[in-house]
Amino acid sequence: SPLTAEERRLRDKKHLNDITAARLPPLHHAPAKLLSMEESIAIQIQQKEAYEEMQAKLAAQKLAERLNIKMSSFEPEGDAAMQYREVRDED
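Bear in mind that the values here come from a model prediction, so they are computed numbers and not experimental data.

For the chain, the helix and strand inventory stands at 3 helices and 0 strands. Counting from the amino terminus, the chain carries its helices and strands in the arrangement α-α-α. Sorting the 91 residues of the chain into buried and exposed places 1% on the buried side. Counting every atom, the chain has about 9900 Å² of accessible surface; 57% of that belongs to carbon and sulfur.

Next up, the structure:
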């Protein structure tokens, strides 16, 4: 027997409940807020700076990968640099 749209929807919902316990968040958004021009400009400038910084980091990473540059720490005052200066007693 053919099901009505409402019965089909309820059946599908019950089937989904049997499969998983995960629930989708409700599809609603906070109401829009009015901003002053100064706030809007400040937010846009902040977002632009963050975007440009992210782009610069990504470009530097891609360039380093392309040039096969590996960054490692360099400690000239570390243990390896001072090994030849060890004083040994000959006694």
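So, on to the pattern of salt bridges. Under the definition given, this model contains 4 salt bridges. Here Arg9 ties to Glu6 by a salt bridge, and the two come within 2.6 Å at their closest N and O atoms. Remark: Glu6 and Arg9 occur in helix α1 (residues 5-19); sequence separation between them is 3 residues, near one turn of the helix. Residues Asp12 and Arg11 are paired through a salt bridge, measuring 3.6 Å at the closest nitrogen-oxygen approach. Looking at Asp12, the relative accessible area reads 40%, which means it is partly exposed. With relative accessibility at 47%, the residue Arg11 sits in the partly exposed group.

With that settled, the discussion passes to the confidence of the model for the chain. Taken over all residues, the pLDDT of the chain has a mean of 79, while the share at 70 or more is 71%. Per-element mean pLDDT across the chain ranges from 57 in helix α3 (residues 79-82) up to 93 in helix α2 (residues 37-67).

Helix length check: α2, at 31 residues, gives a terminal C-alpha distance of 44 Å against a target of 45 Å (1.5 Å per residue), a fit within 8%. One or two positions beyond α2, positive phi appears at Asn68, with a value near 60 degrees.

Turning our attention to a nonpolar patch on the surface. The grouping of Met37, Ile41 and Ile45 at the surface amounts to a nonpolar patch, some 310 Å² of accessible area in total. With respect to the secondary-structure elements, Ile45 resides in helix α2. Residue Ile45 is classed as partly exposed on the basis of its relative accessible area, which comes to 45%.

Here we take up the environment of Glu39. Note that Glu39 resides in helix α2. At 3.2 Å, the side chain of Glu39 and the backbone nitrogen of Ser36 are in polar contact.

A few words on the environment of Arg9. Owing to a relative accessible area of 45%, Arg9 belongs among the partly exposed residues under this scheme. Looking at Arg9, its side chain comes within polar contact range of the side chain of Glu6, at 2.6 Å.

Parameters at a glance
- Residues numbered from 1 in each chain as written.
- Predicted model: local features only at pLDDT ≥ 70, side-chain atom pairs only at ≥ 80, totals over all residues.
- Heavy atoms only, no water.
- Helix = DSSP H or I, 4+ residues; strand = E, 2+ residues; numbered from the N terminus.
- Buried < 20%, exposed > 50% of the residue type's maximum accessible area, 1.4 Å probe, protein only.
- Areas by Shrake-Rupley, 256 points an atom, 1.4 Å probe, with all protein chains shown as cover.
- Salt bridge = Lys/Arg side-chain N within 4 Å of Asp/Glu carboxyl O.
- pLDDT = per-residue confidence, 0-100.
- Expected span 1.5 Å × (residues − 1).
- Patch = residues over 30% accessible without salt bridge, like charges linked within 9 Å, V, L, I, M, F, W, Y side chains within 5 Å.
- Polar contact = N/O pair within 3.5 Å; in protein donor to acceptor, adjacent residues only side chain to side chain.

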